[in-house]
Amino acid sequence: MMLHISNSVTIADNEIEFSAIRAQGAGGQNVNKVSTAIHLRFDIRASLLPAFYKERLLIFKDQRISKEGVVIIKAQRFRSQEKNREEALLRLKELILSATRIQKTRKPTRPSKNSQKRRLESKEKRGRIKALRGRVED
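Quick notes on the rules
Residues numbered from 1 in each chain as written. Predicted model: local features only at pLDDT ≥ 70, side-chain atom pairs only at ≥ 80, totals over all residues. Heavy atoms only, no water. Axes fitted to C-alpha atoms, helices over the stretch in contact; angles between N-to-C directions. Helix = DSSP H or I, 4+ residues; strand = E, 2+ residues; numbered from the N terminus. Parallel < 35°, antiparallel > 145°, perpendicular 65-115°, else oblique. Contact = heavy atoms within 4.5 Å. Nonpolar A, V, L, I, M, F, W, Y, C, P; charged D, E, K, R; others polar. Expected span 1.5 Å × (residues − 1). Phe/Tyr/Trp six-rings, centres within 6.5 Å; stacked < 30°, edge-to-face > 60°. Buried < 20%, exposed > 50% of the residue type's maximum accessible area, 1.4 Å probe, protein only. pLDDT = per-residue confidence, 0-100. Lys, Arg positive; Asp, Glu negative; His and termini not counted. Salt bridge = Lys/Arg side-chain N within 4 Å of Asp/Glu carboxyl O. Arc of directions from axis to C-beta. Core = buried A, V, L, I, M, F, W, Y, C linked by side-chain atoms within 4.5 Å.

A.B. asks: Please explain the packing of helix α2 (residues 51-59) against helix α3 (residues 81-100) as it appears in this structure.
C.D. replies: The contact between α2 and α3 brings their axes to 8 Å, and the two run at 90°. The pairing of α2 with α3 is recorded here as roughly perpendicular in orientation. In this structure, α2 uses Phe52, Tyr53, Arg56 and Leu57 to contact α3, whose residues at the interface are Leu95, Ile96, Ala99 and Thr100. Looking at the contact of α2 with α3 residue by residue, the class counts come to six nonpolar, one polar and one charged.

A.B. asks: Help me understand α3 in this model?
C.D. replies: Across its 20 residues, α3 extends 29 Å between first and last C-alpha, which sits within 8% of the 28 Å expected from 1.5 Å per residue. Of the surrounding secondary structure, the elements contacted by the buried residues of α3 are β1 (2-4), β2 (10-12), β3 (16-21), β4 (37-43), α2 and β5 (70-75).

A.B. asks: So what exactly am I meant to see when it comes to the packing of aromatic side chains here?
C.D. replies: The relative placement of two aromatic rings is captured by the distance of their centres and the angle of their planes. Within this structure, the stated rule accounts for one aromatic pair. On the basis of an interplanar angle of 85° and a centroid distance of 5.8 Å, the ring pair of phenylalanine 52 and tyrosine 53 is categorised as edge-to-face. We classify phenylalanine 52 as partly exposed; its relative accessible area is 41%.

A.B. asks: Teacher, can you tell me more about the confidence of the model for the chain here?
C.D. replies: One rule of thumb: low pLDDT means the predicted coordinates there are not for detailed reading. Summarising the model, the chain shows a mean pLDDT of 88, and 98% of its residues fall at 70 or more. At the level of individual helices and strands, the chain shows its lowest average pLDDT in helix α1 (residues 29-33), which scores 72, and its highest in helix α4 (residues 113-131), which scores 96.

A.B. asks: Would you mind going over the side chain of glutamate 87 with me for this structure?
C.D. replies: Within the fold, glutamate 87 resides in helix α3. For glutamate 87, a relative accessible area of 11% gives the class buried. Filtering out sequence-adjacent residues up to four positions away, glutamate 87 remains in contact with Ala75, Gln76, Arg77 and Phe78.

A.B. asks: In this structure, what is going on with the environment of lysine 61? I would like to understand it.
C.D. replies: Secondary-structure assignment places lysine 61 in the loop between α2 and β5. Spatially, the C-alpha atom of lysine 61 lies 25 Å from that of serine 8, the residues being 53 residues apart in sequence.

A.B. asks: How should I be thinking about the side chain of glutamate 15 in this particular structure?
C.D. replies: By secondary structure assignment, the location of glutamate 15 is in the loop between β2 and β3. Buried and unpaired, glutamate 15 has lysine 54 as its nearest opposite-charge partner, separated by 7.6 Å. For glutamate 15, the residues in contact, after removing those within four places along its chain, are Arg41, Phe42, Asp43, Ser47 and Leu48.

A.B. asks: Would you explain α2 in this entry?
C.D. replies: Side chains that are three or four residues apart share a direction in an α-helix, a result of its 3.6 residues per turn. Regarding α2, the residues found buried are Tyr53, Lys54 and Leu57. Axial view of α2: buried residues confined to an arc of 100°, hence all on one face. Facing away from the buried side of α2, by more than 90 degrees, are the exposed residues Glu55 and Ile59. Where α2 is buried, its residues touch α3.

A.B. asks: How should I be thinking about the nonpolar core in this particular structure?
C.D. replies: If you look at soluble globular proteins, the nonpolar side chains tend to sit buried side by side. Judged by nonpolar contacts, the single largest core of 22 residues is most densely connected at Phe42 and Leu92. In terms of residue count, α3 provides more of this core than any other element does, six residues in total. Sequence-distant contacts of leucine 92, that is, excluding residues within four places in its chain, are made with Leu3, Ile16, Leu40, Phe42, Val71 and Ile73.

A.B. asks: Before we go on, may I ask you to explain the pattern of salt bridges in this structure?
C.D. replies: Between side chains of opposite charge, a pair can form as their charged atoms come close. Taken as a whole, this structure holds four salt bridges when the rule is applied. Close ionic contact of aspartate 13 with arginine 85 constitutes a salt bridge, the shortest N to O distance being 3.8 Å. Highlighted residues: aspartate 13 in the loop between β2 and β3 and arginine 85 in helix α3, separated in sequence by 72 residues. For aspartate 13, a relative accessible area of 26% corresponds to the partly exposed category. Among the ionic pairs, glutamate 87 bridges to arginine 91, the shortest N-O distance being 3.7 Å. In this pair, glutamate 87 and arginine 91 both sit in helix α3, four residues apart, roughly one turn of the helix. Each of Arg77, Glu87 and Arg91 takes part in salt bridges that share partners, so that together they form one network.

Here it is, written out as structure tokens:
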């Protein structure tokens with residue numbers, strides 16, 4: 001089974017390392033005896049991803065990517081190991097896609113004359129209201 005990132009990019013199962021661990025938090029006896037949580041590890045540098053994907057992932061600022069270039073995802077939302085495994089794979093796919101998405105550069109705009117006028121008028125109005133709060137003199 002392979003994880004499909006896009007039409008041309010896939011990750012083989014042997015590149016992703018899964019380990020079952022005990023889930024944390026509430027859940028009663030089931031949590032204490034069954035290892036349902038999944039720890040996913042994916043080494044970016046050792047993978048067969050295209051160079052563009054590797055570069056983008058390695059410079060991407062995300063706490064799930066270690067300094068060594070290993071993606072570590074812990075999935076423990078569900079009570080079954082299989083569902084947690086699917087969720088971890090889905091999160092890995094979303095992480096890779098978000099790292100490769102190119103943001104548009106922001107073009108700074110200037111406020112319009114009318115918006116500047118409205119802003120100054122509202123400031124004057126507010127100032128007049130505050131001036132009325134002063135001490136009353138007879």
